[in-house]
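Each chain, letter by letter, is given below.
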Amino acid sequence: MSRTWLALLPAVDGSTSDPLAAVPVPPSAQADLHSADGGFLGVLAAWHRPGKPVRDAVLVDAAAIDPHGAPGWVSLLLLPRDRAPLFDDPAVSGALRAVLAGPPADVVSTLVRDSTHFAGAVTVRRDAPAALADDPFARLGRPLLARVGGGLFGRRPAPAGPVIQRYAGQPWPAAGFGP
Amino acid sequence: MVEGLEAGAVLADITLPDHNGVPRSLTELAQGDPLVVVFYRGWWCPKEQAWFRSLAGWQPEVEVAYSRIVAISVDPPGELAAFRAGLDARWTFLSDADRQWLHRLELLETTDTVHHPYTPTVLVLHPDLRIHSAYNGYWFWGRPTLEDLRQDLRAVTRVLRPDWQVPR
């Protein structure tokens, strides 16, 4: 079963060296992250493969990834294991409802580390980046707001709604119970 | 019920702009789940306001039951978005402002010569758009009750999910 993984490979303090240099498996798509003032934050990379490519990789909705995607702004929430709520936590459900009710992003996907926990979320906007300040997932942790280069995220229609459940452990809003 | 919209028939894969103006098809919105399609007059109709408040109140069940709702009217996307937001509805609304599908489906409500809207109609569909049940809502009591919809979605889900009987 092919899966899609996402990992933040942070910049080494004070260095602009390529964080991908030490990664054994080349990503399927990647983009640099920069802060609002232009500082290099690292590389966000995605892999389409069955196995986890790097230790901290989490699953993302495959539909979010497009190697030909345009640059934009990203709100990236990655929760450590000891602070990850259950996916069925009311705070997570509330965030998903807010996503469905709010202005549509270019990309939104929850992030999955195991079959029961919420590991984070990624939201990408290009036309209205200020809306990322109201990222519904910020109620679960402090997201990283950054410019993201082209070549990683696509543009998807808004999730169909009203379903807020995961399908067989997939990252929401990916749907379907099939293989 | 209009000929071609009875149980057993297959609904066309209607593609229309959603409440954000983005073209969406019914199969895309169903995503493999049972689907309730609601054709309605428009935001201005008191009967629709009552009906949609009822649907919005039912939404917490649908959102955890792997089922979908799509609402279709002749209102333009901006009006759909405002109506949807006012209801706190979190499903997709589609705009047939050009009345393209209204005429193809022969659902024009001919007695309303002001708005030329859809005749209120509710279809419960399998994911392949096969019609399980159809309701003519021209008279308000012709619409399905929430209990009707629960029964219909139970029947469709029972057929759809191979693990309806708990795996042992």
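The preceding data block contains the structure.
What counts, and at which threshold
Residues numbered from 1 in each chain as written. Chains lettered and ligands numbered in written order. Predicted model: local features only at pLDDT ≥ 70, side-chain atom pairs only at ≥ 80, totals over all residues. Heavy atoms only, no water. Helix = DSSP H or I, 4+ residues; strand = E, 2+ residues; numbered from the N terminus. Rg over C-alpha atoms; globule rule 2.2 N^0.38 Å. Contact = heavy atoms within 4.5 Å. Buried < 20%, exposed > 50% of the residue type's maximum accessible area, 1.4 Å probe, protein only. Buried area = accessible area lost by both parts, 1.4 Å probe. Salt bridge = Lys/Arg side-chain N within 4 Å of Asp/Glu carboxyl O. Polar contact = N/O pair within 3.5 Å; in protein donor to acceptor, adjacent residues only side chain to side chain. Core = buried A, V, L, I, M, F, W, Y, C linked by side-chain atoms within 4.5 Å. Pairing = 2+ DSSP bridges. Phe/Tyr/Trp six-rings, centres within 6.5 Å; stacked < 30°, edge-to-face > 60°. Lys NZ or Arg CZ within 6 Å of the ring centre and 35° of its normal. Arc of directions from axis to C-beta. Expected span 1.5 Å × (residues − 1).

(A) Representation of the overall build of chain B. Within chain B, the regular secondary structure consists of 5 helices and 7 strands. In sequence order, chain B lays out its α and β elements as β-β-α-β-α-β-α-β-α-β-β-α. A compact globule built from 168 residues would reach a C-alpha radius of gyration of about 15 Å, and chain B, at 15 Å, matches this within 12%. By its C-alpha atoms, chain B is 60 × 35 × 30 Å across when sized along the principal axes. When contacts within chain B are restricted to residue pairs at least 6 apart in sequence, those whose partners lie at least 24 apart make up 64%.

(B) Looking closely at the environment of B:Asp98. Residue and element names in this part refer to chain B. Inspection of the secondary structure assignment puts Asp-98 in the loop between strand S5 (92-95) and helix H4 (100-104). Judged by its relative accessible area of 70%, Asp-98 falls in the exposed class. Sequence separation between Asp-98 and Asp-75 is 23 residues; the distance between their C-alpha atoms is 9.3 Å.

(C) A look at the interface of chain B and chain A. Contacts between chain B and chain A engage 21 residues on the former and 19 residues on the latter. For the chain B and chain A pair, buried surface summed over both sides reaches about 1700 Å², with 54% attributable to carbon and sulfur atoms. Looking at the side of chain B facing chain A, the largest losses of area belong to B:Glu63, B:Tyr66 and B:Arg90, adding up to 40% of the total buried there. Between the two partners, chain B and chain A, sit 1 salt bridge. Salt-bridge contacts for A:Arg97 lead to B:Glu63; the nearest nitrogen and oxygen are separated by 2.6 Å. There are 9 residue pairs in polar contact (both at pLDDT 80 or more) connecting chain B and chain A. Of all elements in the fold, only helix H1 (26-30), helix H2 (46-62) and strand S4 (68-73) of chain B reach the threshold of two or more residues within the side of chain B that touches chain A.

(D) Structural view of the nonpolar core. Residue and element names in this part refer to chain B. In this structure, Leu-11, Ile-14, Leu-26, Phe-39 and Ile-72 are the most contacted members of the largest nonpolar core, which totals 24 residues. Phe-39 has contacts with Ile-14, Ile-72, Leu-105, Leu-107, Tyr-118, Thr-119, Pro-120, Thr-121 and Leu-123, leaving out every residue within four places of it along the chain. Core analysis: the next-biggest nonpolar cluster, separate from the first, contains 22 residues, Leu-80, Val-124, Tyr-135 and Leu-149 among them.

(E) Spatial organisation of the pairing of strand S7 (residues 131-136) of chain B. Residue and element names in this part refer to chain B. The pairing of strand S6 (residues 121-125) with S7 spans 5 bridges and is classified as antiparallel. Residue pairing in the sheet places Val-122 in a bridge with Tyr-135 of S7. The hairpin turn running from S6 into S7, its antiparallel successor, is 5 residues long, and Leu-129 in that turn takes a positive phi close to 75°.

(F) Representation of the packing of aromatic side chains in the model. All names here are of chain B. Going through the model one piece at a time under the given rule, you end up with 16 aromatic pairs over all chains. Pairing Trp-91 with Phe-93 gives two aromatic rings, centres 5.6 Å apart and planes at 10°, and the pair type is stacked. Taking relative accessible area as the criterion, Trp-91 reaches 0% and is therefore assigned buried. Following the ring pairs from residue to residue traces out a cluster consisting of Tyr-40, Phe-52, Phe-83, Trp-91 and Phe-93. In this structure, Arg-104 is placed above the aromatic ring of Trp-101, and the distance from its NZ or CZ to the ring centre is 4.0 Å.

(G) Fine view of helix H3 (residues 77-87) of chain B. Restricting attention to buried positions, one finds in H3(B) the residues B:Leu80, B:Phe83, B:Arg84 and B:Leu87. Here the buried residues of H3(B) occupy an arc of 100° about the axis, which is enough to place them on one side. In H3(B), the exposed positions that point more than 90 degrees away from the buried face belong to B:Gly78, B:Ala82, B:Ala85 and B:Gly86. Packing partners of the buried residues in H3(B) comprise helix H1 (90-101) of chain A together with H2, S4 and S5 of chain B. Of the residues flanking the end of H3(B), it is B:Asp88, one or two places downstream, whose phi is positive at about 60°.

(H) Examining helix H5 (residues 146-160) of chain B more closely. All names here are of chain B. Helix length check: H5, at 15 residues, gives a terminal C-alpha distance of 21 Å against a target of 21 Å (1.5 Å per residue), a fit within 8%. Of all the positions in H5, only Leu-149, Asp-152, Leu-153, Val-156 and Thr-157 are classed as buried. In an axial view of H5, the angular spread of the buried residues amounts to 130°, which keeps them on one side of the axis. Lining the buried residues of H5 we find strand S3 (35-39), H2, S6 and S7.

The quantities given are spatial measurements derived from coordinates; they are silent on function.
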